[in-house]
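# Fold and contact review
Spelled out from the first residue to the last, the chains are:
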Amino acid sequence: MANNPKAKLKTLYVMRILQEETDADHGLTLRQLVERLGDYGIEAERKGLYRDIEVLREFGFDIQTYQRNPVQYAIATRDFTLSELMLLVDAVESCKFLTARQSRSLTTNLKLLASDHERALLDRRIHVPGRIRSKSESVFGDIDILHDAMRRHQKVEFRYYRYDLDGTRRPTRDGRKHVVTPVGITFADGFYYLTAWNDDHDAMTEFRVDRMAGVRVSDERATRNDAITHHTFEGDGHELFGRFGGDPVTATLLVNADKVEIIMDRFGDAAEMYKAGADTAKAVVKVHKSEQFFGWIAGLGGTVRIAGPKGLAREYREYLLRLAGEVEE
């Protein structure tokens, strides 16, 4: 054993074995620890294992002794509980933004935080309609570059792509690079968005990060102005539909009884709900007026109706007529 270079790492191997194979419900006896170390080519004795366990306890590992028959040792608490890991795995599995390969990779890494016994419980497969089948794997790296530019107070440059009428992905601006001041990154509706100050437009602009290519920190210093300094991502309390802004308005909706849950799911506690009839509720909500908001209402098939203000109801009717082709543009 003295000539075995792994012998110097015996305590670390004990730590690895306990991390991988034990939890509050599953422990290992000293004999089992000796056998596991033997699989790594390390000879061990009980007295030495006592010392290893005490060293790991002093270092901060919550290694408990369980008076079972025989006595077992296990790491009782970890950085994340099993319930927390399940929540994280579900979040990763449910994210449309991730490809199936990225989702598997992240889930595999999360499982490493659990014991072998708990990992089986983390084999959760959630069906995600519309999951991306293929996408550039550089998005996470691009986000790091964007954060780096913000830390260094530099602009970023990149090419931006959109899909043409024939479904071909083509660069905007004839392939010329965008050079903007990054202000912040938002995750919404399954995608990452960069909010940036665009000197060409003298305004804030949003870019979807997965549509950016060749992202790099520019040599130009970031623009500084009051709009950037006072920009907030907390919003104004009015619900956005998609990433499409519009004039803020307080809308009154008449809602069929079986659609109240949809209103509550969308607006939560921000919705003021009142009983308007035997089978109808009145919901007062704050929204940003947009065609996407009108489209959401229309998609509910008349079970949710705009009752006020009158101007908003009129614009909604005009929107429906325009879709039906009954008015000229």
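Here, residues in each chain are numbered from 1, in the same order as that chain's written sequence. pLDDT decides what is reported in this predicted model: residues at 70 or higher carry local features, side-chain atom pairs at 80 or more are listed and counted, and totals for whole chains, interfaces and linings draw on all residues regardless. Excluded from the side-chain calculation are hydrogens and water; included are all heavy atoms of the structure.

Now for the overall build of the protein. The helix count covers DSSP runs of H or I at least four residues long, the strand count covers runs of E at least two residues long, and both are numbered beginning at the N terminus. Scanning the protein for helices and strands turns up 11 helices and 12 strands. Should any heavy atoms of two residues lie within 4.5 Å, those residues are counted as being in contact. Intrachain contacts of the protein at a sequence separation of at least 6 include 63% that bridge at least 24 residues. What sets the accessible areas is the Shrake-Rupley method with a 1.4 Å probe; for residues, cover comes only from the shown protein chains. In the structure as shown, the protein presents an accessible area of about 19800 Å², 49% of it carried by carbon and sulfur atoms.

What follows is about the packing of helix 1 (residues 10–21) against helix 3 (residues 46–59). A pair of packed helices is captured by two measures, namely the crossing angle of their axes and the spacing between those axes. Packing of helix 1 against helix 3 brings their axes to within 10 Å, and their N-to-C directions diverge by 75°. Classified by the interaxial angle, the pair formed by helix 1 and helix 3 is roughly perpendicular. Between helix 1, through Lys10, Thr11, Val14 and Met15, and helix 3, the contact on the second element is made entirely by Gly48, Leu49, Asp52, Val55 and Leu56. Only Asp, Glu, Lys and Arg are considered charged, only Ala, Val, Leu, Ile, Met, Phe, Trp, Tyr, Cys and Pro nonpolar, and every remaining residue, Gly among them, polar. Partitioning the contact of helix 1 with helix 3 into residue classes produces five nonpolar, two polar and two charged. Comment: axis = line fitted to C-alpha atoms, over the contacting stretch for helices; angle = value between 0 and 180 degrees taken between N-to-C directions. Each angle gets one of four labels, with under 35 degrees taken as roughly parallel, over 145 as roughly antiparallel, 65 to 115 as roughly perpendicular, and the rest as oblique.

So, about the packing of aromatic side chains. Note on aromatic pairs: the rings of Phe, Tyr and Trp (six-membered ring only in Trp) are paired at centre separations within 6.5 Å, and the planes decide the class, stacked below 30 degrees, edge-to-face beyond 60, tilted for the rest. Under the counting rule described, the total for this entry stands at 11 aromatic pairs. Aromatic side chains Tyr316 and Tyr319 sit 6.5 Å apart centroid to centroid with 20° between the ring planes, which places their arrangement in the stacked category. A residue pair is termed a helical-turn pair when its members lie 3 or 4 positions apart in one helix, as Tyr316 and Tyr319 do in helix 11 (residues 310–324) at three residues. Taking the relative accessible area as the measure of exposure, Tyr319 reaches 10% and is therefore buried. Above the face of the Tyr161 ring, Arg169 is positioned so that its terminal group lies 4.3 Å from the ring centre. Note on exposure labels: buried denotes an accessible area under 20% of the residue type's maximum, exposed denotes more than 50%, and partly exposed covers the range between, all computed with a 1.4 Å probe on protein chains only. A ring is scored as having a charge over it whenever the NZ atom of a lysine or the CZ atom of an arginine sits within 6 Å of its centre and within 35 degrees of its normal.

Attention now goes to the pairing of strand 10 (residues 272–275). In this scheme, strands are said to pair when DSSP sees at least two bridges between them. Pairing of strand 10 with strand 11 (residues 280–288), which is carried by four bridges, proceeds in the antiparallel orientation. Of the residues in strand 11, the one forming a bridge with Glu272 is Val284. Between strand 10 and strand 11, which pair antiparallel in sequence order, lie four residues.

Once that is clear, we can look at the environment of Thr205. Mapped onto the secondary structure, Thr205 falls in strand 7 (residues 203–208). Taking the relative accessible area as the measure of exposure, Thr205 reaches 18% and is therefore buried.

A pairing counts as a salt bridge when a side-chain nitrogen of Lys or Arg comes within 4 Å of a carboxyl oxygen of Asp or Glu. Within this structure, the stated rule accounts for 16 salt bridges. Residue Arg170 pairs with Asp166 through a salt bridge whose shortest N-O separation is 3.5 Å. We classify Arg170 as partly exposed; its relative accessible area is 38%. Taking relative accessible area as the criterion, Asp166 reaches 53% and is therefore assigned exposed. A salt bridge links Glu291 to Arg322; the shortest N-O distance between them is 3.0 Å.

Ordered in space as 10-11-9-12, the four strands form an open sheet in which the pairing is antiparallel. In this open sheet, the two edge strands, each paired with only one partner strand, are strand 10 and strand 12 (304–308). Direction aside, the axes of adjacent strands within the sheet are offset by 30° on average. Contacts between helix 9 (residues 260–267) and the sheet are confined to strand 9 (248–256), strand 10, strand 11 and strand 12, with strand 11 contributing the most and set at about 25° to the helix.

The subject of this paragraph is the packing of helix 4 (residues 82–94) against helix 5 (residues 100–111). At a closest axis distance of 9 Å, the pairing of helix 4 and helix 5 adopts a crossing angle of 170°. When the interaxial angle is binned, helix 4 and helix 5 end up roughly antiparallel. On the side of helix 4, the interface is formed by Leu85, Leu88, Val89, Val92 and Glu93, while helix 5 contributes Ser103, Leu106, Thr107 and Leu110. Broken down by class, the residue content of the contact of helix 4 with helix 5 amounts to six nonpolar, two polar and one charged.

So, on to the environment of Lys8. Relative to the helices and strands, Lys8 is located in the segment before helix 1. Note on Lys8: relative accessible area 79%, which makes it exposed. The spatial distance from the C-alpha of Lys8 to the C-alpha of Ile42 is 9.6 Å, given a sequence separation of 34 residues.

Moving on, we come to unusual backbone geometry. For the bond running from Asn69 to Pro70, omega is 5°, close enough to zero to count as cis. By secondary structure assignment, the location of Pro70 is in the loop between strand 1 (63–66) and strand 2 (72–75). Cis rather than trans, the peptide bond between Gly308 and Pro309 has omega equal to 0°. The backbone of His153 shows a phi angle near 60°, a positive value even though the residue is not glycine. Summarising the element assignment, His153 is placed in the loop between helix 7 (139–152) and strand 3 (154–163).

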